[in-house]
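Read off the chains here:
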Amino acid sequence: KQEVTQIPAALSVPEGENLVLNCSFTDSAIYNLQWFRQDPGKGLTSLLLIQSSQREQTSGRLNASLDKSSGRSTLYIAASQPGDSATYLCAVEERANAGKSTFGDGTTLTVKP
Amino acid sequence: DAGVIQSPRHEVTEMGQEVTLRCKPISGHDYLFWYRQTMMRGLELLIYFNNNVPIDDSGMPEDRFSAKMPNASFSTLKIQPSEPRDSAVYFCASTPLGQNTGELFFGEGSRLTVL
């Protein structure tokens, strides 16, 4: 059974700092990995999707990497802003169960002005 | 497109009552998912459909839960009878997996409180 772990559970940083969020998964036979952002009381917003054949994806100040062999992904946020404060979740879709994604519990980020 | 649309956004009901949650996926998306989110258990997949057909309902907690997708633009998740432990946020998501992207798009969720 696929297990997805996100460490740390919470992170607080001063504005302007670069930071890395971690996601690990136990079964490397994945179809893709997706990073989401969730604001309080809201749904999940897709940030970046990395296909299994890719090693990284970039969008603005965000960069996500994928290392299937080690079962790890990182989300790098450059020059953090208070508006980046949210919970960040990663999800992996397994090849054995196309369409079915397993989510981590998320990292709650607070960026202090 | 307006995105995935869910209703109601909030529902407060009493134990034993029937609850129906509704979802309209993004047009053209051939997969639809129902998730439940709680503080204790995080985000759990309940059931998902491909082209209106249920593929995997192993996450449905018990027989009190049922889901249908009568057509490509509408799905319901029903709880009958509801219990306090069903209180959670229920999310619907869709993806154009048939187009080989796999990107999930979520609705805003339905927050259910069972008293």
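Just above, that's the structure.
Bear in mind that the values here come from a model prediction, so they are computed numbers and not experimental data.

Engineer: Looking at this model, I keep getting lost on the sheet that holds strand β7 (residues 62-67) of chain A. Mind explaining?
Structural biologist: Residue and element names in this part refer to chain A. A sheet is described by the order of its strands in space; here five strands give the open sequence β1-β3-β8-β7-β6, paired in antiparallel fashion. A strand with exactly one partner marks an edge of an open sheet, and here the two such strands are β1 (4-7) and β6 (56-59). Neighbouring strand axes in the sheet, compared pairwise and without regard to direction, differ in orientation by 15° on average. Sheet topology places β7 next to strand β8 (residues 72-77); six bridges connect them, and they run antiparallel. Pairing of Leu 62 across the sheet is with Ile 77, part of β8.

Engineer: What should I look at first to understand the environment of B:Pro70 in this one?
Structural biologist: Locating B:Pro70 in the fold gives a position in strand β7 (residues 65-71). Sequence separation of B:Pro70 and B:Met40 is 30 residues, and the distance between their C-alpha atoms is 32 Å.

Engineer: Would you mind showing me how to read the interface of chain A and chain B here?
Structural biologist: By convention, interface size is frequently given as the accessible area that disappears when the constituent parts associate. The interface of chain A with chain B comprises 20 residues on the first partner and 22 residues on the second. Taken together, both faces of the contact between chain A and chain B bury some 1600 Å²; the carbon and sulfur share is 48%. For chain A, the biggest contributors to the area lost against chain B are A:Leu44, A:Lys100 and A:Phe103; these three give 27% of the whole. Remark: the boundary between chain A and chain B carries two salt bridges. B:Asp56 is paired through a salt bridge with A:Lys100; the nearest N and O atoms lie 2.8 Å apart. Applying the counting rule to chain A against chain B returns four residue pairs in polar contact (both at pLDDT 80 or more). Looking at the side of chain A that touches chain B, the elements with two or more residues in it are β4 (30-38), β5 (44-51) and β10 (101-103) of chain A.

Cut-off values and rules
Within each chain, residues carry numbers counting from 1 in the order of the written sequence. Starting at A for chains and at 1 for ligands, labels are handed out in the order in which the entities are written. Restriction of local features to residues with pLDDT of at least 70 applies here, the model being predicted, together with a cutoff of 80 or more for giving and counting side-chain atom pairs; totals for whole chains, interfaces and linings are based on all residues. Remark: hydrogens and water are excluded; side-chain values derive from all non-hydrogen atoms of the structure. For two strands to be treated as a pair, DSSP must find at least two bridges joining them. For the purposes of this entry, the term helix denotes a DSSP run of H or I that reaches at least four residues, the term strand denotes a run of E that reaches at least two, and both are numbered from the N terminus. All axes here are fitted lines through C-alpha atoms, helices being fitted over the stretch that makes contact, and every angle between N-to-C directions spans 0 to 180 degrees. Contact definition: two residues touch when any of their heavy atoms are within 4.5 Å. Two parts placed together each lose some accessible area under a 1.4 Å probe, and adding up what both lose gives the buried area. Between Lys or Arg on one side and Asp or Glu on the other, a salt bridge is scored when a side-chain nitrogen of the former is within 4 Å of a carboxyl oxygen of the latter. Here a polar contact means two N or O atoms within 3.5 Å. Within protein one must be a hydrogen donor candidate and the other an acceptor candidate, and residues neighboring in sequence count only if both atoms are side-chain atoms.

These values are about where atoms sit, not about what they do.
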